[in-house]
Amino acid sequence: MPAFDIWSVLPLAMFSSLTIGMSKGGLPIVAMLAVPVLAFVMDPLAAAALLLPVYLVSDVYGVWLYRREYSAPNLKLLIPAGCLGVFIGYLAAPHVPESGMNLAIGLTGVFFCLRAWFFTSKDAPPMPVRAAPALFWGTLSGITSFISHAGAPPYQIYILPRKLPKLVFAGTSTILFAIINMGKLPAYLSLDIFPKMDIAGLLILGATALFGAWAGAKLTRIIPERPFFIAVYTALFILSLSLIAKGVGLL
């Protein structure tokens, strides 16, 4: 890849890094803005590669924050499925149009939210851990995360009906995507899609993400549980709509 002047888009890159950090701190509603914001000024795949180191830095802090708050039974299924999805994404990326993937995931996410809001009893008991749905949605989450860091919709389609406690939900999400992001690093390197950037710019973005993770963790513990999950469903709906719009635009 040619050299990239990170300083020309530093304010947008810092905003994206802040949203990534806040997501790792437990606020999934904000990370959906990261890649779309940068995609306005640079190639979307290059934007995803630019932000991967920021994800990895904030992942370390996020995993430490939630090292005791996670659902082990779900992670035992979702982690291998997510890694498989990254591998499939690596193999398929040169051949599968991004537009079709975005449309499929976006439409599924919208359907899920509408079903939850209008056709599902609010008193329905939590669904148990199930291998087949976890493997399916976890694999799909790894694929979409590889393509554009958009692994949240398929993951949330599986995990939200399990009705995990707020902090357990945040910790499960953080740990899963930390491992998925580590798996993306060698794949991205082999595809040679990383822009060449100077260290100073990356340090600024990493520090911004760490501050965001700290702030997100504080806010996660303050926000009551019901508003927290309303925010998560809203984030899924908005993200799904943005994926549909992006897919239509790429057709």
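Moving on, we get to the overall build of the protein chain. Assigned secondary structure in the protein chain consists of ten helices and zero strands. When the helices and strands of the protein chain are placed in sequence order, the string is α-α-α-α-α-α-α-α-α-α. Relative to the 2.2 N^0.38 estimate, which gives 18 Å for 251 residues, the radius of gyration of the protein chain is 17 Å and therefore close to what a compact globule would have. Expressed as lengths along the three principal axes of its C-alpha atoms, the size of the protein chain is roughly 55 × 40 × 30 Å. In the protein chain, buried positions account for 51% of the 251 residues. Contacts in the protein chain between residues at least 24 apart in sequence constitute 87% of all its contacts with a sequence separation of at least 6. The protein chain carries 16 positive and 9 negative side-chain charges, and their two centres are separated by 13 Å.

A word on the side chain of histidine 149. Assignment of secondary structure puts histidine 149 in the loop between helix H6 (131–148) and helix H7 (152–159). The buried category is assigned to histidine 149, whose relative accessible area is 13%. Side-chain polar atoms of histidine 149 contact the backbone oxygen of alanine 48, separated by 2.7 Å. A polar contact is formed between the side chain of histidine 149 and the side chain of lysine 184, at a distance of 2.7 Å. Not counting chain neighbours up to four residues away, the residues in contact with histidine 149 comprise Val35, Ala48, Leu51, Leu52, Tyr55, Thr144, Asn181, Lys184 and Tyr188.

Take the packing of aromatic side chains next. Inspection of the entire model under this criterion finds eight aromatic pairs. Ring-pair connections join several aromatic residues into one group, and the members of that group are Tyr155, Phe169 and Phe177. Here the basic side chain of arginine 67 rests over the ring of tryptophan 64, its NZ or CZ set 4.4 Å away from the ring centre.

Taken across its eight residues, H7 has seven buried, putting it largely inside the fold. For H7, the full list of buried residues reads Pro153, Pro154, Tyr155, Gln156, Ile157, Tyr158 and Ile159.

Given a rise of 1.5 Å per residue, 24 residues ought to cover 34 Å, and the 35 Å separating the end C-alpha atoms of helix H9 (residues 199–222) matches this to within 8%. Along H9, the positions that sit buried rather than exposed are Gly201, Leu205, Gly206, Thr208, Ala209, Gly212, Ala213, Ala215, Gly216, Ala217 and Thr220.

Before going further, it helps to spend a moment on the environment of arginine 67. Here arginine 67 shows up in the loop between helix H3 (44–65) and helix H4 (72–92). Measuring from C-alpha to C-alpha, the distance between arginine 67 and proline 165 comes to 15 Å, with 98 residues separating the pair along the chain. A polar contact of 2.4 Å, which involves the side chain of arginine 67, links it to the backbone oxygen of tryptophan 64.

In this structure, Leu78, Tyr155, Ile159, Leu160, Phe169, Leu176 and Tyr188 are the most contacted members of the largest nonpolar core, which totals 46 residues. Setting aside its immediate chain neighbours within four residues, phenylalanine 169 contacts Pro28, Tyr155, Ile159, Leu160, Leu164, Phe228, Phe229 and Val232. Among the nonpolar cores identified, the runner-up in size contains 17 residues, and Leu50, Leu51, Val54 and Ala209 belong to it.

Any two side chains of opposite charge can pair if their charged atoms end up close together. Applying the stated criterion to the full structure yields one salt bridge. Among the ionic pairs, aspartate 59 bridges to lysine 24, the shortest N-O distance being 2.8 Å. Of this pair, aspartate 59 sits in helix H3 while lysine 24 sits in helix H1 (residues 10–24), placing them 35 residues apart in sequence. Assessed through its relative accessible area of 4%, aspartate 59 is described here as buried. Residue class for lysine 24 comes out buried when judged on its relative accessible area of 5%.

It is worth spelling out the packing of H1 against H9 at this point. Running from amino to carboxyl end, H1 crosses H9 at an angle of 35°, the nearest separation of the two axes being 6 Å. In this structure, H1 crosses over H9, and the sense of that crossing is right-handed. Of the residues in H9, those touching H1 at Leu10, Ala13, Met14, Ser17, Leu18, Gly21 and Met22 are Ile204, Leu205, Thr208, Ala209, Phe211, Gly212, Ala213, Gly216 and Leu219. When grouped by side-chain class, the residues that make up the contact of H1 with H9 number eleven nonpolar, five polar and no charged.

Parameters at a glance
- Residues numbered from 1 in each chain as written.
- Predicted model: local features only at pLDDT ≥ 70, side-chain atom pairs only at ≥ 80, totals over all residues.
- Heavy atoms only, no water.
- Helix = DSSP H or I, 4+ residues; strand = E, 2+ residues; numbered from the N terminus.
- Rg over C-alpha atoms; globule rule 2.2 N^0.38 Å.
- Buried < 20%, exposed > 50% of the residue type's maximum accessible area, 1.4 Å probe, protein only.
- Contact = heavy atoms within 4.5 Å.
- Lys, Arg positive; Asp, Glu negative; His and termini not counted.
- Charge placed at Lys NZ, Arg CZ, Asp CG, Glu CD.
- Polar contact = N/O pair within 3.5 Å; in protein donor to acceptor, adjacent residues only side chain to side chain.
- Phe/Tyr/Trp six-rings, centres within 6.5 Å; stacked < 30°, edge-to-face > 60°.
- Lys NZ or Arg CZ within 6 Å of the ring centre and 35° of its normal.
- Expected span 1.5 Å × (residues − 1).
- Core = buried A, V, L, I, M, F, W, Y, C linked by side-chain atoms within 4.5 Å.
- Salt bridge = Lys/Arg side-chain N within 4 Å of Asp/Glu carboxyl O.
- Axes fitted to C-alpha atoms, helices over the stretch in contact; angles between N-to-C directions.
- Left-handed = near helix turned anticlockwise from the far one by under 90°.
- Nonpolar A, V, L, I, M, F, W, Y, C, P; charged D, E, K, R; others polar.

Read these as geometric descriptors, not functional statements.
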